[in-house]
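Analysis of the macromolecular model
Next come the chains, spelled out residue by residue.
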There are 2 protein chains.
Amino acid sequence: MSDFSRLSLNTATTKKWTLEQAVAGCVKAGIPALGPWRDRVAEIGTERAAKLISNVGLRVSALCRGGFLTAADPAGREAAMADNRSAVLEAEILGTAELFLVVGGLANGEKDVVAARHRIADRLDELVPFAVEHGVRLVLEPLHPMYAADRALISTLGQALDLAAPYPASAVGVAVDTFHVWWDPQLQEQIARAGRDGRIASYQVCDFNLPIASDALLSRGMMGDGFVDFPTITRWVAEAGYTGDIEVEIFNQEIWDSNGNDVLETMKSRYAELVLPWA
Amino acid sequence: MSDFSRLSLNTATTKKWTLEQAVAGCVKAGIPALGPWRDRVAEIGTERAAKLISNVGLRVSALCRGGFLTAADPAGREAAMADNRSAVLEAEILGTAELFLVVGGLANGEKDVVAARHRIADRLDELVPFAVEHGVRLVLEPLHPMYAADRALISTLGQALDLAAPYPASAVGVAVDTFHVWWDPQLQEQIARAGRDGRIASYQVCDFNLPIASDALLSRGMMGDGFVDFPTITRWVAEAGYTGDIEVEIFNQEIWDSNGNDVLETMKSRYAELVLPWA
């Protein structure tokens, strides 16, 4: 009998499920934690979502997501800050300390990545005190460089850690998502650094498939279906001292079109085979 | 009148042209250098290609390409080494000192990037003396991480420089291709390092387009059509002391389907606008 006590279902993996269905699916599959996306929470309201999840004894591993901090105009900036403050409050109500941030790409028509990264740093700095006040950690997620232009100008774990460095580890953490970082030649040393700094806020497992999907966001695959070396990366994360939840977050049309309960069973068996022995 | 004295046409940009047509196109457009691919050279034979190019006074900026060094089986390894030795000899005959290497991705079924990178280092080490003997520099090209699994497990300029470090700058260089490296948060410092080390063997300009093409290799775009900040990166390359050829290498179906002479005129005007003032 495998130990699924650290396994968490990110609700994006079963995209067609409502939050109620995802909660029921986890209970049925014996998955003890859930990483909800804000749209699924918003559908029933944050308070109700929090009760729904806690009533059945599930943990919230993290909330997805805030971010998109790079708007170049004042109105866009204020809208982003307001949305991120809302996300912090939602995380607090849901009882998770970890709020993922996908930091955003270039502004419309912009090509200056250096300037856009400065805006990310400035707005993170503005957001940190509010998050700390509410007991929520902002989790910087490096995204694969193929998404740098339009989704996240944080592309490596080292860069995320540099950005987090001015803040306490309890205020700003980082996520290790295998899909996004598997290729990084500095991965082992940066995972070790993240562990030393106490900043690993989430470990997400998901494979990197080829060919890249026509919607590039959907290139994520079930563990074992792509190119990621899960035993090695999982060992590095374990050696870095991470003992938290391990979330499965997959955007993949074929998986979305499958029966959700079947997806959870596949996810459990792949986790048991490729991740758990090294975690 | 713009100064096109450093501009080079990589033959992949006008994929449908034979080498003769590419040479004639460059002469007509006043482009003084050419970066041929080996398939176009092979069609007419290396000696004949060399004469064709030198007879009209064109320079060969670099030869594309050797590499694919990661085969895990002895036969695959020996085939790769033989092919790379051939590429060195072809570069020598063509009169260019710069041979691009696209180092290769994971072997069939392999997931161990660390082991595959060790094979790259081992085979590079084996190839260097042969290249030096023939006056050819091996040029390590970092490729965008979206190609790490299947084409090149060198994903950053810093990684390429680490791999080059044991060898003289005249033996192993690096390429800066804007498409592949624009997103790298360490780009400025690694370009400066490459310059200090005397290792910048080629500067290739090409834009990064979105959405990613259905064949991901074809996401390269004409300068100005995508997200790359050419003035900034060109300035970094110039500040690093690079004064060599600037090659335009674009894989893009729409450009391939256009009239080659028109492509060269567009290339010249975009180069004059976005690259030359900072070069």
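For the structure given in this document, a descriptive report is provided here. (Residues numbered from 1 in each chain as written. Chains lettered and ligands numbered in written order. Predicted model: local features only at pLDDT ≥ 70, side-chain atom pairs only at ≥ 80, totals over all residues. Heavy atoms only, no water.)

1. Some thoughts on unusual backbone geometry
- With omega at -5 degrees, the peptide bond leading from A:Leu210 into A:Pro211 counts as cis.
- Take A:Pro211: it is sitting in the loop between β9 (207-208) and β10 (220-221).
- Between B:Cys64 and B:Arg65 the backbone carries a cis peptide bond, its omega angle lying at -10 degrees.
- As for its placement among the helices and strands, B:Arg65 is situated in strand β4 (residues 63-67).
- Within the chain, A:Phe68 stands out as a residue other than glycine whose phi angle is a positive 50 degrees.
- With respect to the helices and strands, A:Phe68 occurs in the loop between β4 (63-67) and α4 (74-94).
- When its relative accessible area of 31% is taken as the criterion, A:Phe68 is described as partly exposed. (Helix = DSSP H or I, 4+ residues; strand = E, 2+ residues; numbered from the N terminus. Buried < 20%, exposed > 50% of the residue type's maximum accessible area, 1.4 Å probe, protein only.)

2. Thoughts on the side chain of B:Glu249
Residue and element names in this part refer to chain B.
- With respect to the helices, strands and loops of the structure, Glu249 is situated in the loop between β11 (246-248) and α10 (253-256).
- Look at Glu249 and you get buried, because its relative accessible area is 3%.
- Of the polar contacts made by the side chain of Glu249, one reaches the side chain of Asn10; its length is 3.3 Å.
- Polar contacts involving the side chain of Glu249 include one to the side chain of Gln204, which spans 3.5 Å.
- When sequence neighbours within four positions are dropped, the list of residues in contact with Glu249 reads Asn10, Ala12, Thr13, Trp37, Cys64, Asp177, Gln204, Val205, Cys206 and Arg220. (Polar contact = N/O pair within 3.5 Å; in protein donor to acceptor, adjacent residues only side chain to side chain. Contact = heavy atoms within 4.5 Å.)

3. What to know about the packing of helix α1 (residues 19-29) of chain A against helix α11 (residues 260-274) of chain A
Residues and elements named next belong to chain A.
- Remark: α1 packs on α11, axes separated minimally by 10 Å, with the N-to-C direction vectors making an angle of 50 degrees. Taken together, the axes of α1 and α11 are oblique relative to one another. In this structure, α1 crosses over α11, and the sense of that crossing is right-handed. The segment α1 lies against α11, with Gly25, Cys26, Lys28 and Ala29 engaging Asn261, Leu264, Glu265 and Lys268. (Axes fitted to C-alpha atoms, helices over the stretch in contact; angles between N-to-C directions. Parallel < 35°, antiparallel > 145°, perpendicular 65-115°, else oblique. Left-handed = near helix turned anticlockwise from the far one by under 90°.)

4. Let's talk about the packing of aromatic side chains
- Under the counting rule described, the total for this entry stands at 13 aromatic pairs over all chains.
- Centre to centre, the rings of A:Phe4 and A:Tyr271 are 6.1 Å apart; their planes meet at 35 degrees, and the pair counts as tilted. Remark: A:Tyr271 occurs in helix α11 and A:Phe4 occurs in the segment before β1 (7-10); sequence separation between them is 267 residues. As far as the burial class goes, A:Phe4 and A:Tyr271 line up, both buried.
- Geometrically, the ring pair formed by B:Phe251 and B:Trp256 is tilted, given 6.4 Å between the ring centres and 45 degrees between the ring planes. Note on accessibility: B:Phe251 and B:Trp256 belong to one class, buried.
- The structure contains a cluster of three or more aromatic residues connected by ring pairs, namely A:Tyr147, A:Phe179, A:Trp182 and A:Phe208. (Phe/Tyr/Trp six-rings, centres within 6.5 Å; stacked < 30°, edge-to-face > 60°.)

All quantities given are derived from atomic positions and should not be read as evidence of function.
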